[in-house]
Structure formats: C-alpha cells, structure tokens
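Overview (structure and organization)
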Amino acid sequence: MSSEANLYLRKAEEKLETARRLLGRGRYEDAVSRDYYAVLNAARGALARENQFPKAHEGILKEFGVRMIKGRGILQDEVAEGSCGLLPHVATSKAHAESCI
C-alpha cells in the first residue's frame, strides 16, 4: 500500500476515535462532523491505492463514487445505509449520532 494511502487511513482512524470520544461526551454534532472527516479520509486512502489523488472534497466524492461504488457494482443506497454516507449531517440527537458512528 502506498504511503499516502496509509497516511489517509491513519487519519481516518484518528478522526473516528475522536468522533467516538465526542459522542461519549454528548457532543453529537461535533461527533458526526469528525465521522464525516473519517469517511472522507478513508475515501482518500482508497483512492490513493488506485493512484488517484483528488484535492477538493467534490473531487474526492466524485472519484470515490465513480471508481469505488459505481465501478465496482456497489449501489449508492447500500453505502449510505452503512454510515451517514459522504455528506455531512447535523446531528440533533444521541440516537442519530450513534447511527452515524
């Protein structure tokens, strides 16, 4: 695996760990925000494995959708069900935040 992919995957793990800590403190919106960045960094890591390095959020989302979801026969709805998807959400409750993280 490339060093860039490893870097992004480590960042994703750190963001997810922070999201879990924030969730435990009742900081639901902040927890979901960190979860979003965990997913974004994981997507960047997956793309780096394919030697793709989009810079902006929009490019990451587009390339991930094309190469990792559509290109591999995964339905977008299935991806969205597994997390809060790749779009940031505003958590208004503990239950919503827990479902994202």
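Here, every reference points to the structure presented above.
The present account deals with the structure reproduced in this document.

Parameters at a glance
- Residues numbered from 1 in each chain as written.
- Predicted model: local features only at pLDDT ≥ 70, side-chain atom pairs only at ≥ 80, totals over all residues.
- Heavy atoms only, no water.
- Phe/Tyr/Trp six-rings, centres within 6.5 Å; stacked < 30°, edge-to-face > 60°.
- Buried < 20%, exposed > 50% of the residue type's maximum accessible area, 1.4 Å probe, protein only.
- Axes fitted to C-alpha atoms, helices over the stretch in contact; angles between N-to-C directions.
- Helix = DSSP H or I, 4+ residues; strand = E, 2+ residues; numbered from the N terminus.
- Parallel < 35°, antiparallel > 145°, perpendicular 65-115°, else oblique.
- Left-handed = near helix turned anticlockwise from the far one by under 90°.
- Contact = heavy atoms within 4.5 Å.
- Nonpolar A, V, L, I, M, F, W, Y, C, P; charged D, E, K, R; others polar.
- Core = buried A, V, L, I, M, F, W, Y, C linked by side-chain atoms within 4.5 Å.
- Expected span 1.5 Å × (residues − 1).
- Arc of directions from axis to C-beta.

1. Notes on the packing of aromatic side chains
Any two aromatic rings considered together are summarised by their centre-to-centre distance and by the angle between their planes. Following the criterion strictly, the structure yields one aromatic pair and no others. With 4.9 Å between their ring centres and 80° between their planes, Tyr-36 and Tyr-37 make a pair best called edge-to-face. For Tyr-36, a relative accessible area of 10% translates into the label buried. For Tyr-37, a relative accessible area of 29% gives the class partly exposed.

2. Topic: the packing of helix 2 (residues 28-49) against helix 3 (residues 57-69)
At their nearest, the axes of helix 2 and helix 3 sit 10 Å apart, and the two run at 60° to each other. Taken together, helix 2 and helix 3 sit at an angle that is classed as oblique. Seen from above, helix 2 lies across helix 3 with left-handed handedness. Counted together, Tyr-36, Tyr-37, Leu-40, Ala-43, Arg-44, Ala-46 and Leu-47 of helix 2 and His-57, Ile-60, Leu-61, Glu-63, Phe-64, Arg-67 and Met-68 of helix 3 form the full contact between these two elements. Grouping the constituent residues of the contact of helix 2 with helix 3 by class yields 10 nonpolar, one polar and three charged.

3. Side note on the nonpolar core
Inside soluble globular proteins, nonpolar side chains tend to come together where they are buried. Listed in full, the nine residues of the largest apolar core are Tyr-36, Leu-40, Ala-43, Ala-46, Leu-47, Ile-60, Phe-64, Met-68 and Ile-69. Those elements that place two or more of their residues in this core are helix 2 and helix 3. Membership of the second largest hydrophobic core comes to six residues, among which are Leu-22, Ala-31, Val-32 and Ala-97.

4. Quick notes on helix 1 (residues 3-24)
Taking 1.5 Å per residue, 22 residues should reach 32 Å; helix 1 reaches 32 Å between its end C-alpha atoms and fits that length. Turning to helix 1, its buried residues are Ala-5, Tyr-8, Ala-12, Ala-19, Leu-22 and Leu-23. Angular distribution of buried residues about the axis of helix 1 spans 110°; they occupy a single face of the element. Every exposed residue of helix 1 that faces more than 90 degrees away from the buried side is listed here: Ser-3, Glu-13, Glu-14, Arg-20 and Gly-24. Against the buried residues of helix 1 lie helix 2 and helix 5 (94-100).

5. Focus: the packing of helix 1 against helix 2
A pair of packed helices is characterised by two quantities: the angle between their axes and the separation of those axes. One can describe the packing of helix 1 onto helix 2 by two numbers: an axis separation of 7 Å at closest approach and a directional angle of 165°. Comparing the axis directions of helix 1 and helix 2 gives the class roughly antiparallel. Taken as a pair, helix 1 and helix 2 cross one another with a handedness that is left-handed. Here the contact of helix 1 with helix 2 is composed, by residue class, of 14 nonpolar, three polar and eight charged.

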